[in-house]
Amino acid sequence: MDGYGPGTYGDGLADVYDGWYQDVTDVAATVERVAALAGERPGPVLELGAGSGRLALPLAARGLQVWALDASAAMIERLRAKVGAAAVHTVVGDMAALDLGPGAPAAFAVVLCAYNTLF
């Protein structure tokens with residue numbers, strides 16, 4: 001299946017993703033729970049399959065150090081274009097071959113993979 005890979009799904013949906021998934025889960029409740037978990041063991045949060053930042057951005061707005069990994073460059077570009085994106089460490093990469101690059105934390109307080117990331 002040439003042409004298909006980890007980033008294909010996100011690249012094909014980046015332009016409609018926010019509209020389709022904005023109400024699929026209770027973002028506020030998810031952010032509250034992740035923030036509470038991160039507070040129990042202070043440290044950064046890693047979101048795998050962060051997409052366009054539906055969770056990463058409000059988590060960063062709560063004052064958490066957030067790392068957002070997505071295989072789709074188009075999705076990460078969408079995230080980076082949003083208000084508050086400068087507070088999120090964004091990485092284009094495959095979660096199966098996790099490499100966050102130089103400066104990445106050695107450990108995370110919370111690692112999350114939300115909704116249909118493991119589609």
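Engineer: Quick question: what am I supposed to make of the side chain of Asp 70 here?
Structural biologist: With respect to the element layout, Asp 70 can be found in strand 2 (residues 66-70). Summary of buried charges: Asp 70 has no salt-bridge partner, and the nearest side chain of opposite charge, Arg 54, is 10 Å away. A distance of 2.9 Å separates the side chain of Asp 70 from the backbone nitrogen of Ser 72, its partner in a polar contact. Once residues within four sequence positions are removed from consideration, Asp 70 is found in contact with Gly 49, Ala 50, Gly 51, Met 75, Ile 76, Val 91, Val 92 and Gly 93.

Engineer: I keep staring at the pattern of salt bridges and nothing clicks. Help me out?
Structural biologist: One side chain can pair with another of opposite charge once the charged atoms of both are near each other. Applying the stated criterion across every chain, the model contains 1 salt bridge. Ionic pairing is found between Glu 32 and Arg 62, a salt bridge with its closest N-O pair at 2.6 Å. Here Glu 32 is found in helix 3 (residues 27-40), whereas its partner Arg 62 is found in the loop between helix 4 (56-61) and strand 2, with 30 residues between them in sequence. A relative accessible area of 43% places Arg 62 in the partly exposed class.

Engineer: How do you make sense of the pairing of strand 3 (residues 88-92) when you look at a structure like this?
Structural biologist: Regular strands show a simple pattern: their side chains alternate between the two faces of the sheet. Inspection of the sheet shows strand 2 paired to strand 3 by 5 bridges, in the parallel sense. Its bridge partner being in strand 3, Ala 68 is matched across the sheet by Thr 90. What joins strand 2 to strand 3 is helix 5 (residues 73-80), and the crossover it makes is right-handed.

Engineer: Explain the pairing of strand 1 (residues 45-48) to me, please; I cannot follow it from the model alone.
Structural biologist: Burial along strand 1 is two-sided: the residues Val 45 and Glu 47 and Leu 46 and Leu 48 are all buried. Of the strand pairs in this sheet, strand 1 and strand 2 are connected by 4 bridges, and their pairing is parallel. The residue of strand 2 that forms the bridge with Glu 47 is Ala 68. Bridging between strand 1 and strand 4 (residues 110-112) involves 3 bridges; their strand directions are parallel.

What counts and how
- Here the residue numbering is sequential within each chain, running from 1 through the sequence in written order.
- Totals for whole chains, interfaces and linings use all residues, but because this is a predicted model, local features are given only for residues with pLDDT of at least 70 and pairs of side-chain atoms are given and counted only at 80 or more.
- Values shown for side chains rest on all heavy atoms present in the structure; no hydrogens or waters enter the calculation.
- Going along the chain from the N terminus, every DSSP run of H or I of four or more residues is numbered as a helix, and every run of E of two or more is numbered as a strand.
- Accessible area is worked out with a 1.4 Å probe on protein chains only. A residue is then buried under 20% of its type maximum, exposed over 50%, and partly exposed in between.
- This count recognises Lys and Arg as positive and Asp and Glu as negative, with His and chain-terminal groups excluded.
- The term salt bridge refers to a pairing of a side-chain nitrogen on Lys or Arg with a carboxyl oxygen on Asp or Glu at a separation within 4 Å.
- Two N or O atoms count as a polar contact when they lie within 3.5 Å, although within protein this holds only if one can serve as hydrogen donor and the other as acceptor, and sequence-adjacent residues are included solely when both atoms are side-chain atoms.
- Contact criterion: two residues are considered in contact whenever any of their non-hydrogen atoms come within 4.5 Å of each other.
- Two strands make a pair as long as DSSP finds a minimum of two bridges between them.
- For crossovers, right-handed means that the path from the first strand over the helix to the second runs clockwise, given strands pointing away from the viewer.

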